[in-house]
Amino acid sequence: MKVTNQSYEKSNKIETVKYSRLSKNEYKALLNASDIFLERQIAGQKLLNYLCDKYKIARIPLIVLDTPQKGNGKCKTLGYYRVIPMLKIGQSITIYNLTAVKKKVVSIKVFTDTLLHEFMHHYDTEYLKIESAHTAGFYKRITDLKNKLS
């Protein structure tokens, strides 16, 4: 999907997320989740629900697949944010629990970082009302959110 210059520029200028105080409980619970994909899905969904409620945006379902990521190992995509733009339906975050080549469970840190990355796409779309793009501002917002949660 091509992002407009206006959205790209706006995304690049916003470097922080709203609120300086966030609960750390749900984040820590996710970091303590086991390798079992269902446990990660439950803990991840609790974190997503907390963040969506905090920012007063629509809750989004998390799907954790106990299958390897697609690709040949060169692909770094461990998850994705899905939305049908014009209809605002079909929103979900999907994360693969296994690596592509070795089919090993991804570390909880990588899993959590992926979840926050995909949540930021949702935050951009629902809260900032911009087309979400991988700008420098986008990555700074992820870092800001992570710092506020840890």
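Before reading further, recall that the structure is shown in the block above.
Not measured: the values here are computed from a predicted model.

Basis of the calculations
Residues numbered from 1 in each chain as written. Predicted model: local features only at pLDDT ≥ 70, side-chain atom pairs only at ≥ 80, totals over all residues. Heavy atoms only, no water. Salt bridge = Lys/Arg side-chain N within 4 Å of Asp/Glu carboxyl O. Helix = DSSP H or I, 4+ residues; strand = E, 2+ residues; numbered from the N terminus. Buried < 20%, exposed > 50% of the residue type's maximum accessible area, 1.4 Å probe, protein only. Contact = heavy atoms within 4.5 Å. Phe/Tyr/Trp six-rings, centres within 6.5 Å; stacked < 30°, edge-to-face > 60°.

Below, the discussion takes up the pattern of salt bridges. All chains considered together, the criterion is met by seven salt bridges. Across the pair D113 and K146 runs a salt bridge whose closest N-O atoms are separated by 2.9 Å. Separated by 33 residues along the polypeptide, D113 in helix α4 (residues 108-128) and K146 in helix α5 (residues 136-149) bring together distant segments of the chain. On the basis of relative accessible area, K146 is assigned to the partly exposed category, the value being 23%.

You can see L22 is positioned in the loop between α1 (5-13) and α2 (25-31). The contact partners of L22, leaving out residues within four places of it in the chain, are Y50, K54, Y55, L145, K148 and L149.

For the rest of this paragraph, the subject is the packing of aromatic side chains. Scanning the model with the defined rule gives seven aromatic pairs in all. Plain terms: the ring middles of F119 and Y123 are 6.3 Å apart, the flat faces sit at 50 degrees to each other, and that makes the pair tilted. Of this pair, F119 and Y123 both sit in helix α4, four residues apart, which is roughly one turn of that helix. By relative accessible area, F119 is classed as buried at 1%. By relative accessible area, which is 1% here, Y123 ends up buried. With centroids separated by 5.2 Å and ring planes inclined at 90 degrees, the aromatic side chains of F138 and Y139 adopt a geometry described as edge-to-face.

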